[in-house]
Amino acid sequence: MVVLEPETAVHSKPLPELNGLNAPFLEGLRRHEFLVPRCRDCGDYHWVPYPACRTCLSDALNWTPVSGHAHLYSYTVVHRGLGAFAEEAPYVVAMGELVEQPRPCIVIAQLVGTPWQNIHIGQPLQIGFVDVPGANATSYRWVVRE
Ligand SMILES: [Zn+2]
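The structure presented is a predicted model; accordingly, all values stated were derived computationally and were not measured.

Calculation rules
- Residues numbered from 1 in each chain as written.
- Predicted model: local features only at pLDDT ≥ 70, side-chain atom pairs only at ≥ 80, totals over all residues.
- Heavy atoms only, no water.
- Helix = DSSP H or I, 4+ residues; strand = E, 2+ residues; numbered from the N terminus.
- Rg over C-alpha atoms; globule rule 2.2 N^0.38 Å.
- Contact = heavy atoms within 4.5 Å.
- Areas by Shrake-Rupley, 256 points an atom, 1.4 Å probe, with all protein chains shown as cover.
- Lys, Arg positive; Asp, Glu negative; His and termini not counted.
- Charge placed at Lys NZ, Arg CZ, Asp CG, Glu CD.
- Donors = N, O, S within 2.8 Å, 3.2 Å for Na, K, Ca; no water.
- Tetrahedral: all angles 85-135°; square planar, octahedral: opposite > 155°, others 65-115°.
- Buried < 20%, exposed > 50% of the residue type's maximum accessible area, 1.4 Å probe, protein only.
- Salt bridge = Lys/Arg side-chain N within 4 Å of Asp/Glu carboxyl O.
- Pairing = 2+ DSSP bridges.

We now examine the overall build of the protein chain. Check the secondary structure of the protein chain and you find one helix and eight strands. In the protein chain, the succession of helices and strands from N to C terminus is β-α-β-β-β-β-β-β-β. Scaling as 2.2 N^0.38, a compact globule of 146 residues should have a C-alpha radius of gyration of about 15 Å, and the protein chain matches this with 16 Å. Overall, the C-alpha framework of the protein chain stretches about 45 × 35 × 25 Å when taken along its three principal axes. Nonlocal contacts in the protein chain, meaning residues at least 24 apart in sequence, comprise 55% of its contacts between residues at least 6 apart. As displayed, the protein chain offers around 8100 Å² of accessible surface, 54% of which is attributable to carbon and sulfur atoms. If the 10 positive side-chain charges of the protein chain are averaged to one point and the 14 negative ones to another, these points end up 4 Å apart.

Below is the structure:
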């Protein structure tokens, strides 16, 4: 995983609020770790956090660090962003399929660092962490893995 340059402008986008369901994930981001719930019964990885395994309905989930490596499953190019996102348009919102198995686990994030014209399905990706100064928070993006 890589750590991207911290945001330099005032952060004007919404930040998530910690709650019982997402706190392990958001605290992991601050440590530059990407954690997802993993089912102890069937082994599936899940995204986004949910109280039960989406495959077998077990509630035996553990927050598990993953490699942050993925392949581009799908993406869209946003040409008209809303509010604080407008100044970044055009930008890419990507679905990355984590390399961890047994079943596909898709994580959605903005893909940065590569012009949208050079993006293609199947491209190797990795998670990049972006610290948000003054907010004691860290966000994440997809970046193309070299
Ligand atoms: Zn399960």
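This part is about the coordination of the zinc ion. Looking at the zinc ion, one finds its protein donor set to be Cys39 (SG), Cys42 (SG), Cys53 (SG) and Cys56 (SG), positioned 2.3 to 2.4 Å from the metal centre. Taken together, the four donor atoms surrounding the zinc ion define angles of 104 to 119° at the centre, an arrangement classified as tetrahedral. Owing to a relative accessible area of 31%, cysteine 42 belongs among the partly exposed residues under this scheme.

Inspection of every chain in the model, using the stated rule, returns two salt bridges. Between arginine 31 and glutamate 33 there is a salt bridge; the shortest N-O distance is 2.9 Å. Of the charged contacts in the structure, one is a salt bridge between aspartate 44 and arginine 103, with a shortest N-O distance of 3.1 Å. Remark: arginine 103 occurs in the loop between strand 5 (91-98) and strand 6 (106-111) and aspartate 44 occurs in the loop between strand 2 (35-39) and strand 3 (61-65); sequence separation between them is 59 residues. On the accessibility criterion, arginine 103 (46% relative accessible area) is partly exposed.

Within a regular strand, side chains alternate between the sheet's two faces. For strand 8 (residues 137-144), the tally of buried residues reaches seven of eight residues, placing the bulk of the element in the interior. Bridging between strand 7 (residues 124-132) and strand 8 involves eight bridges; their strand directions are antiparallel. Looking at the pairing, aspartate 131 lines up with threonine 138 of strand 8. Linkage of strand 7 to strand 8, two consecutive antiparallel strands, is achieved through a turn of four residues, within which glycine 134 is found at a positive phi near 80°.

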